[in-house]
Amino acid sequence: MVEHFFPEKDLGTPARLSDVQVSLTIDGVEVTVPEGTSVMRAAALVDINIPKLCASDNLEAFGSCRLCTVEIEGRRGMHASCTTPVSEGMVVRSQTEALAKLRRNIMELYISDHPLDCLTCPANGDCELQDMAGAVGLREVRYGFAGENHLSLPKDESNPYFTFDASKCILCSRCVRACGEVQGTFALTVEKRGFDSKISTGKGTDFLNSDCVSCGACVQACPTATLSEKSVIDKGQPEHSVITTCAYCGVGCSFKAEMKGDELVRMTPWKGGQANHGHSCVKGRFAFGYASHKDRLKHPMIRESIDQPWREVGWQEAIEFAARRLREVQQQHGRNSVGGITSSRCTNEETYLVQKLVRAALGTNNTDTCARVCHSPTGYGLKMTLGESAGTQDFDSVMQSDCILVIGANPTDAHPVFGSLLRKRLRQGAKLIVADPRYIDLLDSPHTDEALHLPIRPGANVALVNALAHVIVTEGLEDQEFIATRCAPEEYAAWRDFIIDPRHAPEAMSAVIGVPAENLREAARLYATAGNGAIYYGLGVTEHSQGSTTVMGIANLAMATGNIGRPGVGVNPLRGQNNVQGSCDMGSFPHELPGYQPVTDGAVRARFEAVWGAGLDAEPGLRIPGMFDAAIEGRFKAMYVQGEDIAQSDPNTQHVEAALRSLELLIVQDIFLNETAKFAHVILPGASFLEKNGTFTNAERRINRVRRVMAPLAGKEDWEVTMALSNALGYPMDYRHPSEIMDEIASLTPSFAGVSYDRLERMGSIQWPCNDEHPEGMPIMHGDSFPIGEGRMVVTEFIPTTERVSEAFPLLLTTGRILSQYNVGAQTRRTDNNVWHSEDVLEIHPHDASARGIADGQPVNIQSRTGSTVLRARHSQRMQPGVVYTTFHFPHSGANVITTDNSDWATNCPEYKVTAVQVTGTTDLTLSDWQQRFEAFTEKQLAYAGQGETH
C-alpha cells in the first residue's frame, strides 16, 4: 500500500459512543451523530473543516486557541466548536464575516510571537500553524517584533531523536495533553502564567533527563516545528508512505513508514492501526536505524570449518553449498540428524516455509521455534484448559476491565503501547493488582488509586495462584452459573476438592509466596468481586519449571470467577516478540503442524501430504533442548537457524556453545553476524521488516500486513531464501509473492481459513479464528463455548523448583527487559537507544549490597551453579531483599552464562526467572574469558571475507 504522503484526517475531538443519535445542521448541511459528539467533529464528518490549533481527535477538547469558534442560532456570542456538544435541532454557522475577522485576529497574535522562517523551517509543508494562517486568510501582521517576545529562547537538543525549539511554541498544550492522556507519563507541564508561560519537563531539566520516555506522542501532537524529529531536520519532509507493522514487541503497532525516494525519513504511528490507534513507543517510533546500519549483512558467506575465515560468495553458491552439505549429513547420519529453528521475528509466511522445508524437504519433524524459550507454556496451558493456544481478548478489552491482575509482566517496559492503554483505564478507576518480585513502573501510575503489590518470591507462582483460588472457593466467591453451564463438572469437582485443602490457604502458603496472608486474601476478593476481572501475564509466569502449571492455574481462576468470554475479562498472555503468536500458529513446534494440528493424526497428515506432495513423519521431532543434547551426543549434526541468536538467548551458554560446536553444518540466516554465527558454516543475509512483504500475528491474535518499504539490502526477502534452499534440496517451491503462501496456509489451517491478503487490505487486520463461522475474525474468544466444549479446570499441584538458595548461593536472580532495549539487543543496540541503557546492570536491594560491601555502580561478580559473569551493581529499592535482577540485552553481559538447564515440565521452556547466585564485589571490571572470546570474535571473525574489513 504505497500512497502519496498526506496527513491522516483529524476530526478534532474523540468519538463518542451513544445509542442516542442527534441531528443538527452545519452550514446548511444536515448531520446525525451520537449524543456527546462535539460540533467540531460533527462538522468534520461531513467535510466541513473548522480551523483549529489546540484540538486533535486523540485528545480531549481543550478550548484554548479559540480558532474554532462558531455561531449557533439562538445563542449569544461565539462558541468553541471543540468544547460544544451537539444538541437536537442545533443550527451552526462556521463561516461568517465576523468569524473570519476573529480568526484572522487570533492568528495574527500567534504569528506576532513566532519566527517567520517558514522557508527554512523543518516543518515547512507539514505545519498546522502555517496551514491555519492560510485557511483563515491571514495576509499581514500588524504587530512587529520590537516588543518583548520569545524568539530567542534556546533549543533543547538533549534527546537523540527530536529537538524542542521553544521559540516556535504556541502553548496549545497538545504535547502536555498527549503525554498525559495518550502516554500516561505526565512528563510535561505548562510552567508559570501569562506571558511567562512555557512548556516544561516539570523538573527544570532537559528532555533527556526528565521522566519523558520518548514515545513520540508529543512530537506527533505538536502543530508547529517546536518538537521536530532530527531525521526530518536532517533529511527534509517525506514524500510518500507505506503502511506496515512494527517488528519489535508483541503489541504489533501499525506505522506509516514515511519515505523520501528510497530513504526512510520517519516512522509515524498510524491512526488506523487497530492495535495501537496511532500511539507508539521509543523503539517503534525512533529506533529503526538498525535497518540501514553498517553492520548489516549484504552478501552470503561460507566456510568449511569454524576455524576458517569467511569467504564471500554469491547466492547460488551459498545455497548449493548449504543444500549439498545438508544432504551429505543426512546420508551419513540419517534423516533425523538435521533440523531447523524458526524465528518469532520473521513473518508468518517465512516461518511457515522453514517448518515446511524441514518436514517436506528434509523429511523430519525436528523443527522448533524461539517461542519454546518464552511462551510455549502458554500454548500448552491454554490448550489444556480453554482449548485454544492463545489469549482470549483484544487489547481494547482492557478499557472495560474493573480489576486488572498483572502477573509476571512489566507492560510499560516490554509492551509499552498496551501499557499506556492499561494506565488510561487505571486513571478511569479500574483497580490494579501486580504480582511481581520487583516493584514495576505500573505501580506508580500517575493519577490512579493505590495499587496492590504482591512481591512474590521467584518460583512461587503456582502457590500464589492456588492461594487466590482457595480464597475464592472457600469464601463463596465463585460464579456458580458460569461453572455449571461452561465447565466440565468432573474436572471442576476434582479441582474444587483439591483447592479447598487448607494447605493452599494464604496463611499456610504466605511464607513460601513471600506475601502476607491478608494481602493475598485482599487480592483474591478484589479480583473475584470487582465485576470484570482481567488477567495479563508475561514471561514471569511462563519461564519457570512450573510455567505450564501456572498458566493452567490462571485459566482456573478466570473460569471459577466467570471472567471469560466478554469484553473486560479474560486470560491475556503478553507475547514478548513481534510474531511469537504467529510462529506458534505456523506449525513451528515438533509435535504440531500449522494450526496446532498434531503430526500424530493420520487424517491431518494426509491433508498436508496431499498439498505438499511429500510424505510426513508421524513421530514428533526434537525440541531445541533435545537438539542440543543430541548434538553433544553425536546424533544431531546439522541445523538451519532463521532469525534467532540461540547462543545468546538460550540458557546455560556453555551447553549451547558445546552443542553448536559439535555440528558439522550450521546455517545462520540473519541481518547481522551474531553470537550463533561464531559456530556457523553458512551465513545467509536476512531482510529487515522494512524489506519484506508478509504478515505478523500479535499477542491479541491480530494478523497485520507487513509491507515492503525498500529493496532488501542483500537482494532477497527471507521467504525467497528458504524457497531457494528448498529447491536446491530437490523439493520444489514456487511462490511469486507471500500472498500465495498465505493462501496455502489458509487452505490447511482451519483458524486461518478465511484469511487472505485481499481481506486484510479491506479490513486492515484480522483476529483469528477467521473462517466461515467468523468471516471477520473474533476479537473476544470463548463467548458462548470453548473449542473443546466445556472448560477443563486442572489440578495445579505446587512443586517447588529444584533451583534453591543455599549458603553458597543465597540470592535469587530473575531477569527481564527494559523499555529502550529489545530482546538480545541486536536491533536496538545499533541505535541511539543506547543513550538510555548502554549496559546490563545488576539491580540489588541496598540491604543486600551493604551486607556485601558493594557500592552503587561497583563491578560485581555474579556466580551461579552454572557459571559466572561480571556486571555493574545498581542499588535499587525496587528489589526485595534476597532477590537480584538483570536484563539480557548485551551479549557481553553474559546473563545466560549463569542461568541453569531447569525447564518447564511440560514444554522445556527454560527457567530463566529463578537462578540461585552469590554476588561479590570486584576491584576492576575485568572481562571474563567468554567476554574476551566475544571481543576476539568481533575483531577477527567479523573480518569481512578475510580482508580485514569489519563487516
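Residues numbered from 1 in each chain as written. Predicted model: local features only at pLDDT ≥ 70, side-chain atom pairs only at ≥ 80, totals over all residues. Heavy atoms only, no water.

Enquirer: Before we move on, could you go through the overall build of the chain and cite the residues and values that matter?
Expert: Counting its secondary structure elements, the chain contains 30 helices and 39 strands. Referenced to the eigenvectors of the C-alpha coordinate spread, the extents of the chain come out at roughly 90 × 70 × 65 Å. Within the chain, contacts between residues at least 6 apart in sequence are counted, and of these 73% link residues at least 24 apart. Total accessible area on the chain is roughly 33,900 Å²; 49% of this is exposed by carbon and sulfur atoms. (Helix = DSSP H or I, 4+ residues; strand = E, 2+ residues; numbered from the N terminus. Contact = heavy atoms within 4.5 Å. Areas by Shrake-Rupley, 256 points an atom, 1.4 Å probe, with all protein chains shown as cover.)

Enquirer: Break down unusual backbone geometry for me, citing the residues and quoting the values.
Expert: Negative phi values dominate among residues other than glycine, just as trans dominates among peptide bonds. Note the cis peptide between W768 and P769, where omega equals 5°. Relative to the elements of secondary structure, P769 occurs in the loop between β31 (765–767) and β32 (811–816). Here S214, not a glycine, exhibits a phi torsion of approximately 55°, which is positive. In this structure, R701 takes a positive phi of about 65° despite not being glycine. Secondary-structure assignment places R701 in the loop between β29 (694–697) and β30 (702–706).

Enquirer: Explain the packing of aromatic side chains to me, and be specific about the residues and the numbers.
Expert: Tallied over the full model, the rule gives 14 aromatic pairs. A ring pair is formed by F162 and F207, whose centres lie 5.4 Å apart and whose planes are at 85°; its orientation type is edge-to-face. With F162 in strand β8 (residues 162–165) and F207 in the loop between β10 (198–200) and α5 (217–221), this residue pair connects regions lying 45 residues apart in the sequence. Pair check on accessibility: F162 and F207 agree, each one buried. Taken together, a centroid distance of 6.1 Å and an interplanar angle of 65° make the contact between Y248 and Y290 edge-to-face. One end of the pair, Y248, is in the loop between β12 (240–245) and β13 (254–260); the other, Y290, is in the loop between α7 (282–286) and β15 (301–302), and 42 residues separate them in sequence. Under the relative-accessibility criterion, Y248 is labelled buried at 4%. Ring-pair connections join several aromatic residues into one group, and the members of that group are Y161, F162, F164, F207, F286 and W836. R701 extends its terminal NZ or CZ atom over the ring of W768, reaching a point 6.0 Å from the ring centre. Across the ring face of F672, the terminal group of R830 is positioned such that the distance to the ring centre comes to 3.8 Å. (Phe/Tyr/Trp six-rings, centres within 6.5 Å; stacked < 30°, edge-to-face > 60°. Buried < 20%, exposed > 50% of the residue type's maximum accessible area, 1.4 Å probe, protein only. Lys NZ or Arg CZ within 6 Å of the ring centre and 35° of its normal.)

Enquirer: I'd like a rundown of a nonpolar patch on the surface, residues and numbers included.
Expert: Taken together, L109, V141 and Y143 make up a surface patch of nonpolar side chains, about 270 Å² in accessible area. Residue position: L109 is located in helix α2 (residues 97–111). Of the residues examined, L109 reaches a relative accessible area of 52% and is grouped as exposed. (Patch = residues over 30% accessible without salt bridge, like charges linked within 9 Å, V, L, I, M, F, W, Y side chains within 5 Å. Salt bridge = Lys/Arg side-chain N within 4 Å of Asp/Glu carboxyl O.)

Enquirer: So what's going on with the sheet that holds strand β16 (residues 311–312)? Residues and values would help.
Expert: With mixed pairing, the 7 strands of this open sheet are ordered in space as β16-β15-β28-β27-β26-β17-β18. Of all the strands in the sheet, the pair left with one neighbour each is β16 and β18 (367–369). In terms of strand pairing, strand β17 (residues 338–342) meets strand β26 (residues 638–642) through 4 bridges, oriented parallel. Note on β26: the bridge partner recorded for I341 is V641. (Pairing = 2+ DSSP bridges.)

Enquirer: Describe in detail helix α17 (residues 517–529), supporting the description with residues and values.
Expert: Structural remark: α-helix, 3.6 residues per turn; residues separated by three or four positions point the same way. For α17, with 13 residues, the first-to-last C-alpha span of 18 Å sits near the 18 Å given by 1.5 Å per residue. Backbone geometry just after α17 places G531 at a positive phi near 120°. (Expected span 1.5 Å × (residues − 1).)

Enquirer: Give me the pairing of β13: which residues, what numbers.
Expert: Of all 7 residues making up β13, 6 are buried, and the element is well covered by its neighbours. The pairing of β12 with β13 spans 6 bridges and is antiparallel. Directly across from I243, in β13, lies its bridge partner K256. Between β13 and the antiparallel strand that follows it, strand β14 (residues 263–269), lie 2 residues; G261 among them carries a positive phi value of about 65°.

Enquirer: Hey, could you go over the sheet that holds β31 for me, with residue numbers and the actual values?
Expert: The strand order β29-β30-β31 describes an open sheet built from 3 strands, whose pairing is antiparallel. The two strands at the open ends of the sheet, each matched to only one other strand, are β29 and β31. Across the sheet, the axes of successive neighbouring strands diverge by a mean angle of 30°, strand direction being ignored. With 4 bridges joining them, β29 and β30 adopt antiparallel strand pairing. (Axes fitted to C-alpha atoms, helices over the stretch in contact; angles between N-to-C directions.)

Enquirer: Go over the packing of helix α9 (residues 348–361) against helix α25 (residues 718–728) with me, naming the residues and quoting the values.
Expert: Between α9 and α25, whose axes approach to 9 Å, the crossing angle comes to 10°. Between α9 and α25, the angle falls in the class roughly parallel. Where α9 abuts α25, its residues E350, L353, V354, L357 and A361 lie against D718, W719, T722, L725 and S726. (Parallel < 35°, antiparallel > 145°, perpendicular 65-115°, else oblique.)

Enquirer: Any chance you could break down the confidence of the model for the chain for me, citing the residues and the numbers?
Expert: In the predicted model, the chain carries a mean pLDDT of 92, and 96% of its residues have values of at least 70. Counting contacts from residues 1–6, a segment whose pLDDT is below 50, to residues more than four positions away or on other chains yields 21 contacts. Throughout residues 933–951 the model reports pLDDT below 50, and contacts reaching past four residues in sequence, or to other chains, amount to 36 contacts. (pLDDT = per-residue confidence, 0-100.)

Enquirer: Give a detailed account of the side chain of S344, specifying residues and quantitative values.
Expert: When you line up the elements, S344 lands in the loop between β17 and α9. Ignoring any residue separated from it by four or fewer positions in sequence, one finds S344 in contact with T369, C370, A371, Q577, N578, N579, V580, S583 and E644.

Enquirer: I'd love a proper account of the environment of L386, names of residues and values included.
Expert: Its location among the elements puts L386 in the loop between α10 (376–385) and β19 (403–407). Residue class for L386 comes out buried when judged on its relative accessible area of 0%. Along the sequence, L386 and E491 sit 105 residues apart, while their C-alpha atoms lie 13 Å from each other. Discounting chain neighbours no more than four positions away, the residues touching L386 are T392, A555, M559, I564, H782, F786, P787 and I788.

Enquirer: Give a description of helix α13 (residues 461–474) that names residues and reports values.
Expert: The end-to-end C-alpha distance of α13, which contains 14 residues, comes to 20 Å, matching closely the 20 Å that a straight helix rising 1.5 Å per residue would cover. Among the 14 residues of α13, 13 are classified as buried, and the element is accordingly described as predominantly covered. Once α13 finishes, G476 follows within two positions and takes phi at roughly 70°, a positive value.

Enquirer: Break down the environment of P598 for me, with residues and values.
Expert: Relative to the assigned elements, P598 resides in strand β25 (residues 597–598). Given the relative accessible area of 34%, P598 is considered partly exposed. A sequence separation of 21 residues divides P598 from E619, and the C-alpha atoms of the two residues are 9.7 Å apart. If we skip the residues at most four places from it in the chain, P598 touches H591, E592 and V604.

Enquirer: Describe the nonpolar core, and please don't skip the residues or the numbers.
Expert: Core analysis: the largest hydrophobic core is formed by 66 residues, its most contacted members being F162, L227 and I404. In this structure, A638, Y640, V721 and Y757 belong to the second largest nonpolar core, which totals 62 residues. (Core = buried A, V, L, I, M, F, W, Y, C linked by side-chain atoms within 4.5 Å.)

Enquirer: A description of the pattern of salt bridges should follow, citing residues and the corresponding values.
Expert: The final tally for this structure, using the stated rule, is 49 salt bridges. Here E191 and K198 are joined by a salt bridge, their closest N and O atoms 3.7 Å apart. The partly exposed category is assigned to K198, whose relative accessible area is 40%. With a shortest N-O distance of 2.9 Å, R521 and E507 are connected by a salt bridge.

Enquirer: Account for the state of the cysteines, naming residues and giving values.
Expert: Taken as a whole and assessed by the stated rule, the structure comprises 0 disulfides. This cysteine, C127, is not joined by any disulfide, and C121 carries the nearest cysteine sulfur, 6.1 Å off. Looking at C127, the relative accessible area reads 9%, which means it is buried. (Disulfide = S-S within 2.5 Å.)

Enquirer: Report on the environment of T676, specifying residues and quantitative values.
Expert: Mapping T676 onto the fold places it in the loop between β27 (665–670) and β28 (682–685). Residue classification places T676 among the buried positions, given a relative accessible area of 0%. Counting along the chain gives 35 residues from T676 to V641, while the straight-line C-alpha distance between them is 9.1 Å. Within the local environment of T676, its side chain forms a polar contact with the backbone nitrogen of A647, the two atoms lying 3.0 Å apart. (Polar contact = N/O pair within 3.5 Å; in protein donor to acceptor, adjacent residues only side chain to side chain.)

Enquirer: Account for the side chain of T37, naming residues and giving values.
Expert: For T37, the location among the structural elements is in the loop between β3 (29–34) and α1 (39–45). A relative accessible area of 2% places T37 in the buried class. There is a polar contact of 2.7 Å between the side chain of T37 and the backbone oxygen of P34. The residues contacting T37, other than those within four sequence positions of it, are R16, A42, T84, P85 and V86.

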